[in-house]
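# Reading the structure
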Amino acid sequence: MLRSTWTTGRRGALLGASAAVVCATLTACGNTGDGYVAVGPPRPSATAARPTGSVTLVPLDGDGTPKSPTASGTSGRPGTTPAPTSTPGPSSPPGPSSPPAAKSGGSKATSPSSAPTPAPTTAPRTPAPPTPAALTWAAPIRKATDTRWCEDVTLAFHNSGGTAVRSGTVTLGTHIIGSLGIDWATIKTTEQLPAPIAANTRKNGTWTVCVDAWRVPLGMHIGTRDVSVEWH
C-alpha cells in the first residue's frame, strides 16, 4: 500500500507529480511490499550537525576509481591545476635615462690603415772636405818712378778655392829695353806673396822693382811683364 501526501498549490502539484513517478517506478520493478515515498524535503532536525572546515570532492571515473582530490574553491574540472597568480610587487622608480652620446665636432677618427705615414728620417750629410786653394792673378799694373831703373808693380790676386793661401812667392821678370825698342835682357826679382789670402777672396800686392843702374844707360828704360807665383 502506497501512502502519499499532496500539497496544494503549484509547489504541491509538482511534488505530487514526482511522487507519482516514483510510485510507478516501484510498481514496474515488482516491489509488492509496503513502502513510502518522500514527496517533499525532510524537515531539518534540531540536532543535525553541520560540517566544519573545507569540503573535498572526490569524483569517480567510469570504472569507479577515485580521481585526485580537488581543493575546495578551485574549478570543478578534474585534472586542472590553477595557474599561480603573481602578486605585483612595489613598482621601482624609473632610473635616470642614459644621456645621449656626445657627437664629436672634431675630425673623423683615422683608422690604422689610413693613418699618416711618418716622413723617413735622413742621416745628416757629412760635409765634403774643402777644396784646395785656387789662386789666379791679373796682368801687372806698372807705374814709373823718378829713377830710370825702378818702377812700381801691382798684382791683383783671386783665391777661388775652398782653402786659404797661407804663404807664397811672386817672381817678376823685368825687361831692359833700348832706345830702338830692342829687348836687351830680362832681370828676375822674387817678392813675397801678400798672404794669407782667404778662400774665395781677392787681394792686391804692390812692389817696387829695381835693376842695376848700369844696366839702364841714358835713353833706355825697364818694363816688368813676366809674373810667376808659387803658393802653399
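That block above? That's the structure.
Throughout what follows, the structure given in this document is the object of discussion. (Residues numbered from 1 in each chain as written. Predicted model: local features only at pLDDT ≥ 70, side-chain atom pairs only at ≥ 80, totals over all residues. Heavy atoms only, no water.)

What follows covers the overall build of the protein. Counting its secondary structure elements, the protein contains one helix and nine strands. Ordered by position from N to C terminus, the α and β elements of the protein give β-α-β-β-β-β-β-β-β-β. Relative to all contacts within the protein whose residues are 6 or more apart in sequence, the contacts with residues 24 or more apart total 64%. For the protein, the accessible area works out to roughly 18,200 Å², and carbon and sulfur atoms hold 58% of it. (Helix = DSSP H or I, 4+ residues; strand = E, 2+ residues; numbered from the N terminus. Contact = heavy atoms within 4.5 Å. Areas by Shrake-Rupley, 256 points an atom, 1.4 Å probe, with all protein chains shown as cover.)

Bringing the state of the cysteines into the picture now. Under the criterion given, the structure shown has one disulfide. Here C150 pairs with C210 through a disulfide, and the sulfurs are 1.9 Å apart. Judged by the torsion about the S-S bond (120 degrees), the C150/C210 disulfide is right-handed. Of this pair, C150 sits in strand β5 (residues 150–159) while C210 sits in strand β8 (residues 201–210), placing them 60 residues apart in sequence. Overall, the relative accessible area of 12% leaves C150 in the buried class. (Disulfide = S-S within 2.5 Å. Buried < 20%, exposed > 50% of the residue type's maximum accessible area, 1.4 Å probe, protein only.)

Backbone hydrogen bonds hold the strands of a sheet together, and the pairing may be parallel or antiparallel. Overall, antiparallel pairing links the three strands, which are arranged β7-β6-β9 in an open sheet. The sheet is open, and its two edges are formed by β7 (183–192) and β9 (221–231), each paired on a single side. For this sheet the average axis-to-axis angle between neighbouring strands, irrespective of direction, equals 20 degrees. Two elements, strand β6 (residues 168–177) and β9, share 10 bridges in a ladder whose sense is antiparallel. Opposite T171, over in β9, you have S228 as the bridge partner. (Pairing = 2+ DSSP bridges. Axes fitted to C-alpha atoms, helices over the stretch in contact; angles between N-to-C directions.)

Quick look at the packing of aromatic side chains now. Tallying each qualifying case throughout the model produces two aromatic pairs. Ring centres of W137 and F157 lie 6.4 Å apart, and the angle between their planes is 55 degrees; this geometry places the pair in the tilted category. Residue W137 is located in strand β3 (residues 135–137), and its partner F157 is located in strand β5; the two are separated by 20 residues in the primary sequence. Centroid distance F157 to W207: 6.5 Å. Interplanar angle 80 degrees. Geometry classified as edge-to-face. Remark: W207 occurs in strand β8 and F157 occurs in strand β5; sequence separation between them is 50 residues. Across the pair, exposure class does not vary: F157 and W207 are buried alike. In this structure an aromatic cluster arises from ring pairing among W137, F157 and W207. (Phe/Tyr/Trp six-rings, centres within 6.5 Å; stacked < 30°, edge-to-face > 60°.)

Within the secondary structure layout, L155 lies in strand β5. Spatially, the C-alpha atoms of L155 and N204 are 5.7 Å apart, while their sequence positions differ by 49 residues. The contact partners of L155, leaving out residues within four places of it in the chain, are A138, A139, P140, V170, L172, K203, N204, G205, W207 and V227.

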